[in-house]
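Examination of the molecular architecture
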Amino acid sequence: MTSSFEFPAVPVRLSDAERDQALQALREGAAVGKLSHDTFLRRMELVLAARRPDELAALTADLTSGPDREGPVQRALFGGVRAVSGFTARMRKVWQVERLPVLRLPAAPTHEPLRIGREPGNGLRLSHETVSRVHAELIRQGGIWVLRDLGSSNGTCVNGRRVIGAAVVQEGDQVSFGQMSFRLSAS
């Protein structure tokens, strides 16, 4: 007499990697126009709520099958387009930085900071509504230039990043005081 014993079905838990793979397939599908924005959002919610691998497969099946499936030629073509798009964006940014007005760093060493702001008493007076009365200061300390925000309302930025306290700057950096931007130059 043989008895057959069946083990109860144990639910398979999805890994984070499986969810990430499904989300990546949705992002790529939306990027190439296979999914509308609303469909992408709804499927993303369903991927995060899925409990089984077959549920994930159903959510991405139409993105990875069929005649318009991305093969090696399409991947190479899309990769080339992404590379060219990234290059043009970087070129545009470089072009914009090079066209900025130049802010010359003081040539003579001084222990006094160069104050920057709207008030007439500042060493560099900027008459723009986004610049605070006393906005920032630039000082040379131990052979390096330090730009310090003085509690301005609209912020001081170096290369697109907001200065919290102080930041080391050098020739070629892009600095912004409110909405006024400059390129630092030593000569």
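Residues numbered from 1 in each chain as written. Predicted model: local features only at pLDDT ≥ 70, side-chain atom pairs only at ≥ 80, totals over all residues. Heavy atoms only, no water.

1. Some details on the overall build of the protein chain
Test applied: Helical segments are the DSSP runs of H or I of at least four residues, strand segments are the runs of E of at least two, and each set is numbered from the N terminus. Note on exposure labels: buried denotes an accessible area under 20% of the residue type's maximum, exposed denotes more than 50%, and partly exposed covers the range between, all computed with a 1.4 Å probe on protein chains only. Note that accessible areas follow from Shrake-Rupley with a 1.4 Å probe, and for residues the cover is restricted to the protein chains shown.
Along the backbone of the protein chain there are four helices and 10 strands. Going from the N terminus to the C terminus, the protein chain shows its helices and strands as α-α-α-α-β-β-β-β-β-β-β-β-β-β. Expressed as a percentage of its 187 residues, the buried residues of the protein chain come to 29%. Surface summary for the protein chain: the accessible area is close to 13,100 Å², and the carbon and sulfur share equals 55%.

2. With respect to the environment of His 135
The following threshold applies: Residue contacts are counted whenever heavy atoms from the two residues lie within 4.5 Å of one another.
For His 135, the position within the fold is in the loop between β3 (124-125) and β4 (136-141). Along the backbone, His 135 and Arg 115 are 20 residues apart, and their C-alpha atoms lie at a distance of 7.7 Å. In contact with His 135, other than residues within four places in its own chain, are Ile 116, Gly 117, Thr 130, Asp 149, Leu 150, Ser 152, Gly 155, Thr 156, Phe 177 and Gly 178.

3. Some points on the sheet that holds β3
As a reminder of what qualifies: Pairing between strands is defined by DSSP: at least two bridges between the two strands are required.
The five strands lie next to each other as β3-β2-β4-β5-β8, forming an open sheet whose pairing is mixed. Both outer strands of the open sheet, β3 and β8 (166-169), are each paired with one neighbouring strand and no more. For strand β2 (residues 114-117) and β4, the ladder comprises three bridges, and the chain directions are antiparallel. Its bridge partner lying in β4, Arg 115 is registered against Glu 137.

4. What to know about the sheet that holds strand β7 (residues 161-162)
Strands belonging to one sheet form pairs held by backbone hydrogen bonds; the direction of such a pair is parallel or antiparallel. Spatially, the five strands line up as an open sheet ordered β1-β10-β9-β6-β7, and their pairing is mixed. Unpaired on one side and paired on the other, β1 (102-104) and β7 mark the two borders of the sheet.

5. Considering the packing of helix α1 (residues 16-31) against helix α2 (residues 37-49)
Rules: For helices, the fitted axis covers only the stretch in contact; all axes are lines through C-alpha atoms, and the angles between them, taken along N-to-C directions, range from 0 to 180 degrees. Any angle that is under 35 degrees is reported as roughly parallel, and any over 145 degrees as roughly antiparallel; angles of 65 to 115 degrees are reported as roughly perpendicular and all others as oblique. Gly falls in the polar group here, along with every residue not listed as nonpolar (Ala, Val, Leu, Ile, Met, Phe, Trp, Tyr, Cys, Pro) or charged (Asp, Glu, Lys, Arg).
Remark: α1 packs on α2, axes separated minimally by 10 Å, with the N-to-C direction vectors making an angle of 175°. For the element pair α1 / α2, the angle class is roughly antiparallel. Facing Arg 19, Ala 22, Leu 23, Leu 26, Arg 27 and Ala 30 of α1, the residues of α2 in contact are Phe 40, Arg 43, Met 44, Val 47, Leu 48 and Ala 49. Partitioning the contact of α1 with α2 into residue classes produces nine nonpolar, no polar and three charged.

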